[in-house]
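# Architecture at a glance
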Amino acid sequence: MPLQSRSLFAERILYIELLYEPIFDASSAATLLRVARTCRAARHAISAYIRVAFDPNRLLARFFPSPTAPCSSLCTAPPPHAHAEPYGRARAFRSLQARTGTLVSGSCALQFFDRTLYPESDLDLYVHMRHRREVGRWLLQEGYAYAPTVHQHAQFEVEVVHGMSPREDGIYSMPGVSGILTFTRPAPRRPRPVVDYPENVEEAEGEQEGAAASASTEEEAERLLKVQIIVTKNTPMEAVLAFHSTCVMNVLTYEKAYCLFPRATLEERRSLLSSSCRGRSKRRSAGLAKYASRGFTLLSALAPDDIELDPAAAASARSTSRYDDELTHAPFLYGRPTALTLVRSDETALLSPTGLLTTGSSSAPSPGPSSTCPSPAPPEPPRARRAAFRLGWRWIDDSASWVLPLPLDGVTPPPAPGPCTPAPTHDPAAVCNWEVRYPARGRGRDPGAVMHFEIAAGKVLRYRYLVTDEQLLAFLGRELSARARAEQVKEDAELEEWSYYDWELPALCREFLHGLAGRRLASLRID
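A few points on the structure. (Residues numbered from 1 in each chain as written. Predicted model: local features only at pLDDT ≥ 70, side-chain atom pairs only at ≥ 80, totals over all residues. Heavy atoms only, no water.)

The next subject is the environment of Leu139. By the secondary structure assignment, Leu139 is in helix α8 (residues 132-141). For the pair Leu139 and Thr184, spaced 45 residues apart in sequence, the C-alpha separation works out to 9.3 Å. Among all residues touching Leu139, those that are not within four sequence positions of it are Phe64, Tyr144, Phe183, Val227 and Ile229. (Helix = DSSP H or I, 4+ residues; strand = E, 2+ residues; numbered from the N terminus. Contact = heavy atoms within 4.5 Å.)

The residue Pro422 is located in the loop between β16 (402-405) and β17 (433-437) in this model. In this structure Pro422 comes out as partly exposed when scored by relative accessible area, which is 39%. Measuring from C-alpha to C-alpha, the distance between Pro422 and Ser499 comes to 8.9 Å, with 77 residues separating the pair along the chain. The residues contacting Pro422, other than those within four sequence positions of it, are Ala416, Pro417 and Trp503. (Buried < 20%, exposed > 50% of the residue type's maximum accessible area, 1.4 Å probe, protein only.)

All right, on to unusual backbone geometry then. Its identity as a non-glycine residue notwithstanding, Tyr87 has a phi of 60°, on the positive side. Tracing the backbone shows Tyr87 in the loop between α5 (56-60) and α6 (88-100). Residues other than glycine seldom take positive phi values, yet Arg115 does so here, at roughly 55°. Along the chain, Arg115 falls in the loop between α7 (107-114) and β2 (123-127).

Okay, the pattern of salt bridges next. Evaluation of the coordinates by the stated rule reveals 14 salt bridges. Close ionic contact of Glu504 with Arg483 constitutes a salt bridge, the shortest N to O distance being 2.7 Å. With a gap of 21 residues between them, Glu504 in the loop between α14 (470-492) and α15 (505-522) and Arg483 in helix α14 connect regions that are remote in the sequence. A residue is classified by how much of its surface remains accessible, and Glu504, at 16% relative accessible area, is buried. Among the charged side chains, a network of salt bridges with common partners joins Arg133, Arg137 and Glu157. (Salt bridge = Lys/Arg side-chain N within 4 Å of Asp/Glu carboxyl O.)

Our next topic: the nonpolar core. Among the nonpolar cores identified, the biggest contains 54 residues, and Phe24, Phe64, Phe112, Phe113, Leu123 and Leu181 are the most heavily contacted of them. When residues of this core are assigned to their parent elements, the largest contribution, seven residues, is made by helix α4 (residues 40-53). The residues contacting Phe113, other than those within four sequence positions of it, are Phe54, Asn250, Val251, Leu252, Ala257, Tyr258, Cys259, Leu266, Trp402 and Leu404. Met174, Val177, Phe296 and Ile396 belong to the second largest nonpolar core, which has 41 residues in total. (Core = buried A, V, L, I, M, F, W, Y, C linked by side-chain atoms within 4.5 Å.)

What follows is about α14. Two residues of an α-helix separated by three or four positions point the same way, owing to the 3.6 residues in each turn. Taking 1.5 Å of rise per residue, 23 residues should cover 33 Å, and α14 covers 32 Å from first to last C-alpha, within 8% of that figure. Burial in α14 covers these residues: Leu472, Phe475, Leu476, Leu480, Arg483, Ala484, Glu487 and Lys490. For α14, the capping residue at the N-terminal end is Asp469, with a side-chain oxygen 3.1 Å from the backbone nitrogen of Gln471. Trailing α14 by a residue or two, Glu494 shows a phi angle of about 55°, which is positive. (Expected span 1.5 Å × (residues − 1). Polar contact = N/O pair within 3.5 Å; in protein donor to acceptor, adjacent residues only side chain to side chain.)

Spatial strand order, β9-β18-β17-β15: four strands in an open sheet with mixed pairing. Strand pairing shows two members of the sheet lacking a second neighbour, β9 (274-276) and β15 (392-395), which therefore form its edges. Here the average twist between neighbouring strands, direction ignored, is 30°. (Pairing = 2+ DSSP bridges. Axes fitted to C-alpha atoms, helices over the stretch in contact; angles between N-to-C directions.)

Next up, the structure:
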């Protein structure tokens, strides 16, 4: 970019929202992060843009619209008259997410990260078994109607109790799913503006345009909004990791948004076929065809350049940014990988923890002719392309994921599950550990990757969690067994109510990983 153009962009365009918004709309997520590192003005502009473009309330308001105010802003009606709060019902749904640990995934989560819209898409809610009735009743209160299939009972209260059994129910049949409940409601009618056409020769054309607009409005009114409750057997993340491919492995909790394969999904629009260790999705060909029609390239095998090894066994770079906020920092809840960082002396690591940025050259002067050095500098060697798929040990918020903290204005935090248990400070999905195995081990396995995990459950845990490491499972088992014995003593003596220890899981995982890192570093012998 010429110097004059760079100056215009930094000194003028970055300060005018109407100018930089179309530019940022056409930029990828990685480009946004790179621009944010150029100067303070760019950082402030990107921050303002992200608050609007990645607003979950705007996405959810399509399915949970707030009532339209019956009058204008100049209303002089006496109190207690009040107008509708923008995104009020969307925030109410996110408060429901906080209470129940419900996840938004599927095409809606992909639309959030991709900043696009699929008009025919529905809203997929992945719900814990214990909260299926509460979430369904909330949808009924919002004006949705229960729409049973031919295999389901006509009454929601009957089906939600007696109908939770595995069955083939469309393309969303997958391991870990106990049932699917569908709810529909008519899409809200958008008011058509009244236009006073002039009395001239163009009046007939205006009437035709008005008739077309009216027909379009009627067609939109007939369209149904659909919300599906996917009731999971153990935990919602078990169903998410059983998706047909990696491009839809994105989730929205009440507090954060997670994209598990950001470079492949958002930058390269590629998706690796995937299956769960509990089996693969049935009838997934329709789902694969749908995302192929949306521009994704489906992969059944990976080239060596596309593979990034487990960070516990390979070098990984850390961010060199001096800023530490939602733009460049993906929270690594359980500590950094234990591998040593190997960076060439002639390069500076520019890898963001989101896994979206590439490695750039150091701060050496750019090659080019000058008065003191007329000969051009030798060209830089070609840079290796960043691998798009992290294999091996994974956490939901590790350095290979893109994690976006979401605004919590108007969202009620999760309550305490009991008088003896503190209120949770994180969503249950924040504790999720699995292994990406590629190629699939054993003969006769499906092409692509396999997501391997085990289910961690206990009497002192309110929810179930995914853990893949055997040593971590054993460590958690010992710690939670001691707490279960203490709770059993209290229950036998009728001293207090039963306490749950889900809120301690992040600290226990950190303690284990820090101890493991210490033992590995202590075993190193450097001659």
